[in-house]
Amino acid sequence: NYAFNDQYSAALYANVDRYDGSSSWTISPSFSAALGANTSGFVEYGYQKTKGESQQSVLGGGITWMVHRRVQLDLSADVGLNAAAPDVQGGFGLSVLFP
């Protein structure tokens, strides 16, 4: 994760899974921007490749809202960029920081 300033940041997520002699890997760069004191928006690209299966590419984005200093809500949507990826997928998240 890298913060350009108080408003903009970028991140890179990378993951490799190895199970039963097979590997899969995921890479996902993203860019975030503060939209207000308690909200931010993000765009992201996701690529996943599993041995023996077609690669998947998605492009998406979303918004986050700090409801309280310890509670965040997330809303996101992705669209598939190739035939192996889901056409559209969405998500809703709730994050809570416990003391």
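Residues numbered from 1 in each chain as written. Predicted model: local features only at pLDDT ≥ 70, side-chain atom pairs only at ≥ 80, totals over all residues. Heavy atoms only, no water.

Remarks on the sheet that holds strand E7 (residues 88–96)
As a general point, the strands of a sheet are linked pairwise by backbone hydrogen bonds and lie either parallel or antiparallel.
Logical step 1: The strand order across the open sheet built from seven strands is E1-E2-E3-E4-E5-E6-E7, with neighbouring strands paired in antiparallel fashion. What marks the edges here is a single partner per strand, and that holds for strand E1 (2–3) and E7.
Logical step 2: As paired elements, strand E6 (residues 71–80) and E7 share nine bridges and run antiparallel to each other. Across the sheet, residue Gln72 finds its bridge partner in E7, namely Ser95. (Pairing = 2+ DSSP bridges. Helix = DSSP H or I, 4+ residues; strand = E, 2+ residues; numbered from the N terminus.)

Thoughts on a nonpolar patch on the surface
Logical step 1: On the surface, a cluster of nonpolar side chains totalling about 780 Å² of accessible area is made up of Leu35, Ile63, Leu75, Phe92, Leu94, Val96 and Phe98.
Logical step 2: Ranked by residue count, the leading element in the nonpolar patch is E7, at three residues.
Logical step 3: Residue placement: Val96 occurs in strand E7.
Logical step 4: Its relative accessible area of 41% is what places Val96 among the partly exposed residues. (Patch = residues over 30% accessible without salt bridge, like charges linked within 9 Å, V, L, I, M, F, W, Y side chains within 5 Å. Areas by Shrake-Rupley, 256 points an atom, 1.4 Å probe, with all protein chains shown as cover. Salt bridge = Lys/Arg side-chain N within 4 Å of Asp/Glu carboxyl O. Buried < 20%, exposed > 50% of the residue type's maximum accessible area, 1.4 Å probe, protein only.)

Some details on the packing of aromatic side chains
Logical step 1: This model, assessed by the stated rule, comprises four aromatic pairs.
Logical step 2: Measuring from centroid to centroid gives 5.1 Å for Tyr2 and Phe4, while their planes differ by 80 degrees, and the two rings are edge-to-face.
Logical step 3: Site record: aromatic cluster; members linked through ring pairs are Tyr2, Phe4, Tyr8 and Phe31. (Phe/Tyr/Trp six-rings, centres within 6.5 Å; stacked < 30°, edge-to-face > 60°.)

Re the pairing of strand E5 (residues 56–68)
Logical step 1: Bridge analysis of strand E4 (residues 39–50) against E5 gives ten bridges, and the strand direction is antiparallel. Considered in E5, the bridge of Gly46 is made with Val58.
Logical step 2: Where E4 hands over to E5, the hairpin turn is made up of five residues, of which Gly52 adopts a positive phi near 85 degrees.
Logical step 3: Hairpin connection between E5 and E6: a loop of two residues separates the two successive antiparallel strands.

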